[in-house]
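# Topology and contacts: notes
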Amino acid sequence: AQKITQTQPGMFVQEKEAVTLDCTYDTSDPSYGLFWYKQPSSGEMIFLIYQGSYDQQNATEGRYSLNFQKARKSANLVISASQLGDSAMYFCAMREAGGQNFVFGPGTRLSVLP
Amino acid sequence: SAVISQKPSRDICQRGTSLTIQCQVDSQVTMMFWYRQQPGQSLTLIATANQGSEATYESGFVIDKFPISRPNLTFSTLTVSNMSPEDSSIYLCSVSAANTGELFFGEGSRLTVL
């Protein structure tokens, strides 16, 4: 069973607007971490933001925020004031406390339009 | 955070040959992870490399095809053996942060097999 689902293969957003990238996950472990990574065309993986399952508040890092809805098992990434440099693949990932491995979603390709 | 250097950054290889990818970390880490990312796909864990013991391989990956060395706490190599065009991928080395458990990645090694 797929543990991380990203239902948007591709998204477009106008420069300076906000965009939400969806991520839902599946786990029976009460303790887990959720992560978002950005992968530009160069191929490197850039860590963006982290949300722990017990965190009471949504995580924020600059223009990135995570809309964490635990009951719905969703962890959507919100990028505010999009920039052309935000065009990239975005991966949602989860790590369960009981394991060492990360599970990555299929990714969403974001294109920012001038 | 950890700084991870990977070599080569990219290579074009002939079918049937082998290539070794090197991964150097700027701090001592217990576990290093090797991922494969096939074109247009997400990341898949190949194996976990522990210093002083054999690597632990994920389902679908075998030591004969992807031998791994881990001679010390800052260095690891992954060899892609007897390559075929299906091995054309980005191979990424990563380590885990002690506190949040986020993964830090090297720049990746983009292999093209002709």
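Residues numbered from 1 in each chain as written. Chains lettered and ligands numbered in written order. Predicted model: local features only at pLDDT ≥ 70, side-chain atom pairs only at ≥ 80, totals over all residues. Heavy atoms only, no water.

Residue and element names in this part refer to chain A. Of all six residues making up strand β9 (residues 74–79), five are buried, and the element is well covered by its neighbours. In this structure, strand β3 (residues 19–21) lies alongside β9, joined through three bridges in antiparallel fashion. Within β9, the position partnered with T20 by the bridge is V78. In terms of strand pairing, strand β8 (residues 64–69) meets β9 through six bridges, oriented antiparallel. Its bridge partner lying in β9, N67 is registered against N76. Between the antiparallel neighbours β8 and β9 lie four residues, among them K73 with a positive phi of about 55 degrees. (Buried < 20%, exposed > 50% of the residue type's maximum accessible area, 1.4 Å probe, protein only. Helix = DSSP H or I, 4+ residues; strand = E, 2+ residues; numbered from the N terminus. Pairing = 2+ DSSP bridges.)

Between chain A and chain B, the residue contacts involve 18 residues of the former and 20 residues of the latter. Taking both partners together, chain A and chain B bury about 1,400 Å²; carbon and sulfur atoms supply 54% of that area. Where chain A packs against chain B, one counts zero salt bridges. Here chain A is connected to chain B by five residue pairs in polar contact (both at pLDDT 80 or more). Mapped by element, the contributors of at least two residues to the side of chain A that touches chain B are β5 (32–39), β6 (46–52), β10 (88–96) and β11 (102–104) of chain A. Considering each element in turn, the side of chain A that touches chain B owes the most residues, three residues, to β5(A). Broken down by class, the residue content of the side of chain A that touches chain B amounts to nine nonpolar, seven polar and two charged. (Contact = heavy atoms within 4.5 Å. Buried area = accessible area lost by both parts, 1.4 Å probe. Salt bridge = Lys/Arg side-chain N within 4 Å of Asp/Glu carboxyl O. Polar contact = N/O pair within 3.5 Å; in protein donor to acceptor, adjacent residues only side chain to side chain. Nonpolar A, V, L, I, M, F, W, Y, C, P; charged D, E, K, R; others polar.)

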